[in-house]
Amino acid sequence: MGYLLVVAILVILVILVIFVLSATMLLVGSLLGLLFSITTFQGALITILVALGALLAFLLGYVGRIGEDVSHALAYLQEEDEADEEDEDDEEYPPLRLAPDRREGKPVSRNAPCPCGSGKKYKRCCLGREGFPEE
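Let me begin by describing the structure that accompanies this report.

Let us now look at the overall build of the protein. In terms of regular secondary structure, the protein is built from two helices and zero strands. Accessible surface computed for the protein: about 11,600 Å², of which carbon and sulfur atoms make up 66%.

Let us look at helix α1 (residues 2–35). Its 34 residues place the ends of α1 50 Å apart at the C-alpha level, agreeing with the 50 Å of an ideal helix rising 1.5 Å per residue. Those residues of α1 not exposed but buried are M25, G29 and L32.

Within the secondary structure layout, C125 lies in the segment after α2 (40–90). Classification of C125 as buried rests on a relative accessible area of 17%. C-alpha of C125 to C-alpha of P113: the two residues are 12 residues apart in sequence and 9.1 Å apart in space. Excluding residues within four positions of it along the chain, C125 makes contact with C114, C116, S118 and K120.

So, on to the environment of A23. With respect to the element layout, A23 can be found in helix α1. Among the residues examined, A23 registers a relative accessible area of 37% and is labelled partly exposed. Each C-alpha atom of the pair A23 and A44 lies 9.5 Å from the other, and the pair is 21 residues apart in sequence.

Positive charge collects at one region of the surface, where R110, K121, K123 and R124 lie side by side. Looking at the secondary structure, you find R124 in the segment after α2.

To continue, consider a negative patch on the surface. Judged by side-chain charge, E79, E80, D81 and E82 come together as a negatively charged surface patch. Residue position: D81 is located in helix α2. On the basis of relative accessibility, which here comes to 47%, the residue D81 falls in the partly exposed class.

For the rest of this paragraph, the subject is the side chain of T47. Checked against the element boundaries, T47 lands in helix α2. Apart from residues lying up to four places away in sequence, T47 is in contact with M25, V28, G29 and L32.

About the thresholds
Residues numbered from 1 in each chain as written. Predicted model: local features only at pLDDT ≥ 70, side-chain atom pairs only at ≥ 80, totals over all residues. Heavy atoms only, no water. Helix = DSSP H or I, 4+ residues; strand = E, 2+ residues; numbered from the N terminus. Areas by Shrake-Rupley, 256 points an atom, 1.4 Å probe, with all protein chains shown as cover. Expected span 1.5 Å × (residues − 1). Buried < 20%, exposed > 50% of the residue type's maximum accessible area, 1.4 Å probe, protein only. Contact = heavy atoms within 4.5 Å. Patch = residues over 30% accessible without salt bridge, like charges linked within 9 Å, V, L, I, M, F, W, Y side chains within 5 Å. Salt bridge = Lys/Arg side-chain N within 4 Å of Asp/Glu carboxyl O. Lys, Arg positive; Asp, Glu negative; His and termini not counted. Charge placed at Lys NZ, Arg CZ, Asp CG, Glu CD.

Below is the structure:
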C-alpha cells in the first residue's frame, strides 16, 4: 500500500510540474505576442526553444569541463609513465630462470622422485631431457 501511495504522489507531482511549465510557456508566449506580431503558440514555442538552448549550452559547458579534467589527468599519467621508464633504465634485473635447477652426478632411478622438484616420478617428468643423468 505504501508503494502505491508514493507512485500516486509522484504522478501527481509530475502532472503539476507539466501544468506549471505549460502555463509559464503560455504566459511568456502571450507576453511575446504583445511585444511582437506573433501568436501565443508561436511565443510559447520560441520560449521552449530558448530554454532548451540554454539547457544544452549548460550541458555542453559541463561536458567540456569534464573533457579538460580528463585531458589534464591523462597528461599527468603520461608524465609519470615517462618518469618511471627513465628510472627503470637504471635498474638491472637478474636473468629469469627458465628451467629448474638440475643436479649433476649420479644417475636417478626411473621410479625415484624427479630431481627437478616437481614431485612427479622421474620417468614421467624429466627422463630423456638434456642435463639429467639417465640410468
